[in-house]
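Here are the chains, one letter per residue:
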Amino acid sequence: MEHPHTAPRSVLRPGARLDRARQAAPQVFERLRNAIIALELPPGSPLSRAELAGQFGVSSTPVRDALMRLEEEGLVDVFPQHATVVSRVDVGRAQQAHFLRQALELEIVRLLAEHHDKALISRLDHMIAQQQQSAKAGDYEGFMAGDNEFHAQLYAAADKQDLWGLVRSRSGHIERLRRLHLPSPGKAQNILRHHRLITRAIEAADANAAQQHLRTHLSGTLSELDKIRARYPEYLTD
């Protein structure tokens, strides 16, 4: 698995272009956001509107719109007439995102434990198996995508999909902290273990256990904040 402190790569994979059947700005936003979360564009990376437009093969307008959305999420800092750079990880915003997500998901897993269905359990078990494969392959980005999909399924099963969108829009800083923490020995397996425990508690209709395992699961990265800060002091800000 690669160390997260690597030189930034192009946000476009070789040969990859935007889908011309879809609006460009949302695609540019997603590509840039994913690269920022994955630390392919680490804090401090400059983002040239002209260079990005050239990479994506679009005019400057979709790039400008994408950068505005990233600024709203706090993932880039825009200095008018000067530069746009990837922001440092804001610990305060990460803590607020954690608070929001925990408050929502504690209620969601309680609801699911009280009204669970076998189809949901099967989907969650399948996602855990896929995450395990990503972990074995050293695929951090695949692993994180699987982690997000596991939780998205919880929101969908509780008919709270819109709240997942809200959580995601507030989670850029905590997601980057998790990406910094993920290479730590045993971290990926701990995540998988918690996912299994949450799934088994929902299956057993044990709402208290589901909430307990979820609380432990969501707090894992922030509980190691001092170690992350010591290892990547140039990436974090309070």
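Every value quoted in this text rests on a predicted model; they were computed, and no experiment measured them.

Conventions used here
- Think of each chain on its own: its residues are numbered from 1, step by step along the sequence as written.
- Residues qualify for local features only when their pLDDT is at least 70, as the model is predicted, and side-chain atom pairs are given and counted only at 80 or more; totals for whole chains, interfaces and linings, by contrast, use all residues.
- Heavy atoms throughout the structure, all of them, feed into the side-chain values; hydrogens and water do not.
- Strands qualify as paired when DSSP identifies two bridges or more between them.
- Only DSSP runs of H or I with at least four residues qualify as helices, and only runs of E with at least two residues qualify as strands; both kinds are numbered from the N terminus onward.
- Two rings from Phe, Tyr or Trp (for Trp, the six-membered ring) form a pair when their centres are within 6.5 Å of each other. A pair whose planes differ by under 30 degrees is stacked, one over 60 is edge-to-face, and the rest are tilted.
- In this analysis the charged atom, NZ for Lys or CZ for Arg, is taken to sit over a ring once it is within 6 Å of the ring centre and within 35 degrees of the ring normal.
- Note that domain bounds follow an automatic or database assignment of domains.
- Any pair of residues with heavy atoms lying within 4.5 Å of one another is described as a contacting pair.
- Buried area: the accessible area, evaluated with a 1.4 Å probe, that two parts lose upon being put together, summed over both parts.
- Here, a salt bridge means any side-chain nitrogen of Lys or Arg that lies within 4 Å of a carboxyl oxygen of Asp or Glu.
- The definition of a polar contact used here is a pair of N or O atoms within 3.5 Å, where within protein one atom must be able to donate a hydrogen and the other to accept one, and adjacent residues in sequence count solely through side-chain atom pairs.
- To estimate the expected span of a helix, subtract one from its residue number and multiply by 1.5 Å.
- The classification of residues rests on relative accessible area computed with a 1.4 Å probe and restricted to protein chains. Under 20% of the type maximum is buried, over 50% is exposed, and intermediate values are partly exposed.

(A) Main features of the pairing of strand 1 (residues 76-79). Summarising the sheet, strand 1 and strand 2 (residues 83-86) pair through 4 bridges and their orientation is antiparallel. The residue bridging Phe79 from the neighbouring strand is Ala83, located in strand 2. The antiparallel hairpin formed by strand 1 and strand 2 contains 3 residues in its connecting segment, where Gln81 sits at a positive phi of about 60°.

(B) Broad picture of the packing of aromatic side chains. Enumeration over the complete set of coordinates arrives at 2 aromatic pairs. Note on Tyr155 and Trp164: the rings are 5.1 Å apart at their centroids and 50° apart in plane angle, and the pair reads as tilted. When the ring of Tyr232 is compared with that of Tyr235, the centres are 5.7 Å apart and the planes differ by 10°; the resulting orientation is stacked. We note Arg69 situated over the ring of Phe29; from NZ or CZ to the ring centre the distance is 3.7 Å.

(C) Structural detail: the domain arrangement of the protein chain. In terms of domain boundaries, the protein chain breaks down into domain 1 (24-86) and domain 2 (91-231). In this complex, domain 1 contributes 11 residues to the contact, which on the side of domain 2 involves 12 residues. Per-residue buried area on domain 1 facing domain 2 is highest for Arg33, Ile37 and Leu39; these three make up 46% of the total on that side. Counting every contact that joins domain 1 to domain 2 gives 1 salt bridge. Counting the contacts that link domain 1 with domain 2 gives 3 residue pairs in polar contact (both at pLDDT 80 or more).

(D) Examining helix 9 (residues 187-203) more closely. The terminal C-alpha atoms of helix 9, which comprises 17 residues, lie 24 Å apart, in line with the 24 Å expected from a rise of 1.5 Å per residue. Listed in full, the buried residues belonging to helix 9 are Lys187, Ala188, Ile191, Leu192, His194, His195, Ile198, Thr199, Ala201 and Ile202. On its buried side, helix 9 packs onto helix 4 (91-114), helix 5 (118-137), helix 6 (140-157), helix 8 (172-181) and helix 10 (207-218). Directly after helix 9, the chain includes Ala205, whose backbone phi takes a positive value near 60°.

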